[in-house]
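Notes for the structure review
Each chain is listed here by its residues.
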Amino acid sequence: MRQVATLSTEVRNIVSKFNKAFYEPERQGQSLFSKTSYVDILAVSLYAMRDDADSKVLHILEEGIVDLHQYLDDAEINTLLENYHIVVKTLLGTPKTNSNRFMLPKEVVRLCSTLVSKSDDKRVYLPYAGDGSFLDAVASGAECVGFEQNELLWAICQILPQGKEAAGAIRLGMPTEVRGKFDNIFTFPPMGSGTREKKAIVSYLSDLAENHLTENGRMACVLPVSFCYEMGPWRQFRKIIVD
């Protein structure tokens, strides 16, 4: 499971120093970034300093990359890089008050993983994969492919230290056609969609449930509470599940 690790006192002090120096102008109404309030600036900037940083990810998050040397000295930056995995897990695993990014709680991922037993010989599909939270529910030897249409969430998935192979299983965009059948499907579709978008999502999920599960396949969807009582698209999906 992806856990929010505990930072050492030294690393916490460095993170606090950066936050105080960087975000003070933001508190005074001098916005330094826009869409990248979706993520943590320090985490993105640390990622940008890695030799293996993906150029596509850097392009998506370029507005959130700052020169850390303006805020920290070389020794402090090296300390953060030496603790990169634990720092990034902590920063990106902590909800930001000014962010509209909804984080899927690890308890929900654990519940879905328990309900859908995992086996090394399974084919797993992760549509609307978000920041890759459901990768924790995929067995290490399973064949896995996923998609995320929101480029910021996809970029976060690539930054989070969940292994290059695992993160690489999540592709940017959504396929026009799903091929084959899967033993397990995990999905967390967008919550704030309008009626037209909701219809498209329901149509997509319905197709997966009816045509792309193996005989004993299981599908775990994290859906809004309105799924339980709304008419329209959600009623259609409820009927498919019951039938």
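It should be noted that the structure appears before, not after, this text.
What comes next is a walk through the structure. (Residues numbered from 1 in each chain as written. Predicted model: local features only at pLDDT ≥ 70, side-chain atom pairs only at ≥ 80, totals over all residues. Heavy atoms only, no water.)

This part covers the sheet that holds strand 3 (residues 170-172). Spatial ordering of the open sheet is given by 3-2-1-4-5, a layout of five strands whose pairing is parallel. Each having just a single partner strand, strand 3 and strand 5 (213-221) make up the two edges of the open sheet. The sheet shows a mean angle of 20 degrees between the axes of neighbouring strands, direction not considered. In terms of strand pairing, strand 1 (residues 123-126) meets strand 4 (residues 182-187) through two bridges, oriented parallel. (Pairing = 2+ DSSP bridges. Helix = DSSP H or I, 4+ residues; strand = E, 2+ residues; numbered from the N terminus. Axes fitted to C-alpha atoms, helices over the stretch in contact; angles between N-to-C directions.)

A few words on helix 4 (residues 74-82). For helix 4, every residue scored as buried is listed here: E76, I77, T79 and L80. The arc enclosing the buried residues of helix 4, seen along the axis, measures out at 155 degrees, which places them on a common side. For helix 4, the exposed residues set more than 90 degrees away from the buried face come down to A75 and E82. Regarding helix 4, its N-cap is D73, as a side-chain oxygen of that residue lies 3.2 Å from the backbone nitrogen of A75 further along. (Buried < 20%, exposed > 50% of the residue type's maximum accessible area, 1.4 Å probe, protein only. Arc of directions from axis to C-beta. Polar contact = N/O pair within 3.5 Å; in protein donor to acceptor, adjacent residues only side chain to side chain.)

What follows is about the packing of aromatic side chains. A full pass over the atoms with the stated rule returns eight aromatic pairs. With 6.2 Å between their ring centres and 70 degrees between their planes, Y125 and F147 make a pair best called edge-to-face. With Y125 in strand 1 and F147 in strand 2 (residues 143-148), this pair connects stretches of sequence that are 22 residues apart. Of the residues examined, F147 reaches a relative accessible area of 13% and is grouped as buried. Each member of the aromatic cluster is reached from another via a ring pair, and the members are F18, F22 and Y71. Over the face of the ring belonging to Y84 we find R50, whose NZ or CZ atom lies 4.2 Å from the ring centre. One residue, K56, lies across the ring of W154, its end atom 5.7 Å from the ring centre. (Phe/Tyr/Trp six-rings, centres within 6.5 Å; stacked < 30°, edge-to-face > 60°. Lys NZ or Arg CZ within 6 Å of the ring centre and 35° of its normal.)

Attention now goes to the packing of helix 2 (residues 41-48) against helix 5 (residues 84-92). Packing of helix 2 against helix 5 leaves a shortest axis separation of 9 Å and a crossing angle of 150 degrees. The two elements helix 2 and helix 5 meet at a crossing, and its hand is left-handed. Between helix 2 and helix 5, the residues in contact are L42, A43, L46 and Y47 and Y84, V87, L91 and L92, respectively. In terms of residue class, the contact of helix 2 with helix 5 is built from eight nonpolar, no polar and no charged. (Left-handed = near helix turned anticlockwise from the far one by under 90°. Contact = heavy atoms within 4.5 Å. Nonpolar A, V, L, I, M, F, W, Y, C, P; charged D, E, K, R; others polar.)

So, about the nonpolar core. It is characteristic of soluble globular proteins that their nonpolar side chains tend to be buried jointly. Grouped together as the largest cluster of nonpolar side chains are 54 residues, with contacts concentrated most on F18, L80, L126, F134, I159 and F186. Breaking this core down by element, the ones donating at least two residues are helix 1 (9-27), helix 2, helix 3 (55-60), helix 4, helix 5, helix 6 (106-115), strand 1 and helix 7 (151-159). Per element, the largest residue contribution to this core is seven residues, and it comes from helix 7. The contacts of L126, once residues within four sequence positions are left out, are F134, L135, V138, C144, V145, G146, F147, I170 and F186. By size, the runner-up hydrophobic cluster in this structure holds 16 residues, among which are F147, I185, V202 and L213. (Core = buried A, V, L, I, M, F, W, Y, C linked by side-chain atoms within 4.5 Å.)

Looking now at the side chain of T187. Take T187: it is sitting in strand 4. When its relative accessible area of 0% is taken as the criterion, T187 is described as buried. Engagement of the side chain of T187 in a polar contact is seen with the backbone oxygen of P127, the distance being 2.8 Å.

Each α-helix turn comprises 3.6 residues. Residues three or four places apart therefore point the same way. Of all nine residues making up helix 7, eight are buried, and the element is well covered by its neighbours. Along helix 7, the residues that are buried comprise L152, L153, W154, A155, I156, C157, Q158 and I159. Its side-chain oxygen 2.9 Å from the backbone nitrogen of L152, N150 forms the N-cap of helix 7.

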